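As a plain string of letters, each chain reads:
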Amino acid sequence: MTDQDIQEVIKAFGLAATRAKEVGYDAVQIHAAHGYLISQFLSSRTNKREDDWGGSLEKRAKILLKVYDEIRSIVGDDYPILVKINGSDDPHEGFNLEEASQVIGGLSSRGINAVEISGMNSSKTFRAREEGYFYENALQIKKDNPETTLILVGGVRTLDKMNQIIASGIDFVSICRPFIREPGLVIQFEKGKEKGDCISCNKCRESPQIVKCMVLLDES
Ligand SMILES: Cc1cc2nc3c(=O)[nH]c(=O)nc-3n(C[C@H](O)[C@H](O)[C@H](O)COP(=O)(O)O)c2cc1C
Ligand code: SF4
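About the thresholds
- Numbering of residues starts from 1 in every chain and runs along the sequence as written.
- For naming, the first written chain is A and the first written ligand is 1, with later ones following in the order written.
- Only residues with pLDDT of 70 or above have their local features reported here, since the model is predicted, and side-chain atom pairs are shown and tallied only from 80 upward, although totals for entire chains, interfaces and linings are computed over all residues.
- To get the side-chain values, take all heavy atoms of the structure and skip hydrogens and water.
- The secondary structure listing takes helices from DSSP runs of H or I that are at least 4 residues long and strands from runs of E that are at least 2 residues long, numbered from the N terminus.
- Any pair of nitrogen or oxygen atoms within 3.5 Å is treated as a polar contact; in protein, a donor-acceptor pairing is required on top of that, and neighbouring residues in sequence qualify only through side-chain atoms on both sides.
- By definition, residues are in contact when any of their heavy atoms lie within 4.5 Å.
- Should a side-chain nitrogen of Lys or Arg be within 4 Å of a carboxyl oxygen of Asp or Glu, the pair is scored as a salt bridge.
- For every residue, the accessible area (1.4 Å probe, protein chains only) is compared with the maximum for its type, and the residue is labelled buried under 20%, exposed over 50%, or partly exposed between those bounds.
- Joining through side-chain atoms within 4.5 Å is the link that ties buried Ala, Val, Leu, Ile, Met, Phe, Trp, Tyr and Cys residues into a set, and such a set is a nonpolar core.
- When DSSP finds two or more bridges between two strands, those strands count as paired.
- Structural elements are reduced to axes, namely lines fitted to C-alpha atoms, with helices fitted over the stretch in contact, and the angle between N-to-C directions of any two is expressed from 0 to 180 degrees.
- Neither His nor the chain ends contribute to the count of charged residues, in which Lys and Arg are positive and Asp and Glu negative.
- Place the viewer so that the strands point away; then a crossover is right-handed whenever the path from the first strand over the helix to the second strand goes clockwise.

Draft legend 1. Main features of the side chain of S39. Within the element layout of this structure, S39 appears in helix α2 (residues 37-42). In this structure the side chain of S39 is engaged in a polar contact, spanning 2.9 Å, whose partner is the backbone nitrogen of G35. Apart from the residues within four sequence positions on either side, S39 is in contact with A32, A33, H34, T46 and N86.

Draft legend 2. Representation of the pattern of salt bridges in the model. Taken as a whole and judged by the stated rule, the model has eight salt bridges. Measuring nitrogen to oxygen at the nearest pair gives 3.7 Å for the salt bridge that ties K11 to E70. Remark: E70 occurs in helix α4 (residues 62-75) and K11 occurs in helix α1 (residues 3-22); sequence separation between them is 59 residues. Under the relative-accessibility criterion, E70 is labelled buried at 16%. Between D197 and K193 there is a salt bridge, with its nearest N and O atoms 3.1 Å apart. One connected set of salt bridges, linked through shared partners, spans E182, K193 and D197.

Draft legend 3. Here's a closer look at the nonpolar core. Ranked by size, the top nonpolar core spans 48 residues in total, and within it I30, L42, L64, I85 and V103 carry the most contacts. With seven residues, the single largest contributor to this core is α4. In this structure L64 touches I30, A32, I38, L42, V83, I85, V103 and L107, once residues within four positions along its chain are discounted.

Draft legend 4. How the structure looks around the sheet that holds strand β1 (residues 28-32). Pairing is parallel across the open sheet formed by five strands, whose spatial order is β1-β2-β3-β4-β5. For this open sheet the edge positions go to β1 and β5 (172-174), each flanked by a neighbour on one side alone. The average angle at which neighbouring strand axes cross in this sheet is 25°, direction not considered. Where helix α7 (residues 135-144) meets the sheet, its contacts fall on β3 (114-118) and β4 (150-153), and the angle it forms with β4 comes to roughly 170°.

Draft legend 5. Molecular detail of the side chain of R157. Assignment of secondary structure puts R157 in the loop between β4 and α8 (159-167). Of the side chains with opposite charge, E131 comes closest to the buried, unpaired R157, at an N-O distance of 6.6 Å. When residues no more than four places from it in sequence are discounted, the contact partners of R157 are E131, M162, R177, P178, F189, E194, K195, G196, C198 and S200.

Draft legend 6. Representation of the pairing of β3. Of all five residues making up β3, five are buried, and the element is well covered by its neighbours. Taking every second residue as pointing to the same face, both faces of β3 are buried, with A114, E116 and S118 on one and V115 and I117 on the other. Alignment of strand β2 (residues 81-86) against β3, held across five bridges, turns out to be parallel. The residue bridging I85 from the neighbouring strand is I117, located in β3. For the crossover that starts at β2, traverses helix α5 (residues 97-110) and ends in the parallel β3, the hand is right-handed. Here β3 runs beside β4; their pairing, made up of three bridges, is parallel.

Here is the structure:
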């Protein structure tokens, strides 16, 4: 990417946030995780640039901070901006926990409203039956950045685990696949259910046309 390409991407993030706000969304989230563009800039494994946008962590993180500044300058101080970011790129080298914590510190001092800790959705973690597989990373990041509002995503399935996560100081949990299987899961939790039925088999993600629980579909 040329410098001009990068400036255009930064502007495009700002315009996207403007559209989201205009049509009534309550917040926007910058996607800086999962190996997409900003995540590629953050990682020294993928970012081999020798200009102002690569090299030191400060330079690799510059695009993310500029995207945040651009969005904030357009949506104003009262509109929530979140970011989803890898707590590390494990199992890949590159962006590690210490670096993630530093970048999150930089975003926090600028006024980010919340940070969702994710990681590389490699098949290993994504299929893991272990609950909250990015929990340890999130805990360390919270320790380094106690003022930052943190959200943990990844494999959380039971009320017990959610309560444990919240009790340890992480502010929110987010869940995805369990809602594909059981869209009314929160109401079910309120009625006494203790565990979502999703088995993290990932078949819903692999189906090319529709996002549905393929396990339920197979059973019907
Ligand atoms: C069908 C499907 C589509 C997804 N699309 C996105 C996406 O566009 N952006 C994103 O950040 N995560 C996406 N994810 C990942 C989820 O947001 C979440 O990080 C991941 O599923 C782990 O959480 P879970 O164990 O609660 O499902 C997707 C997951 C699934 C199953
Ligand atoms: S196919 Fe169903 S059980 Fe498997 S991960 Fe998706 S929602 Fe969960």
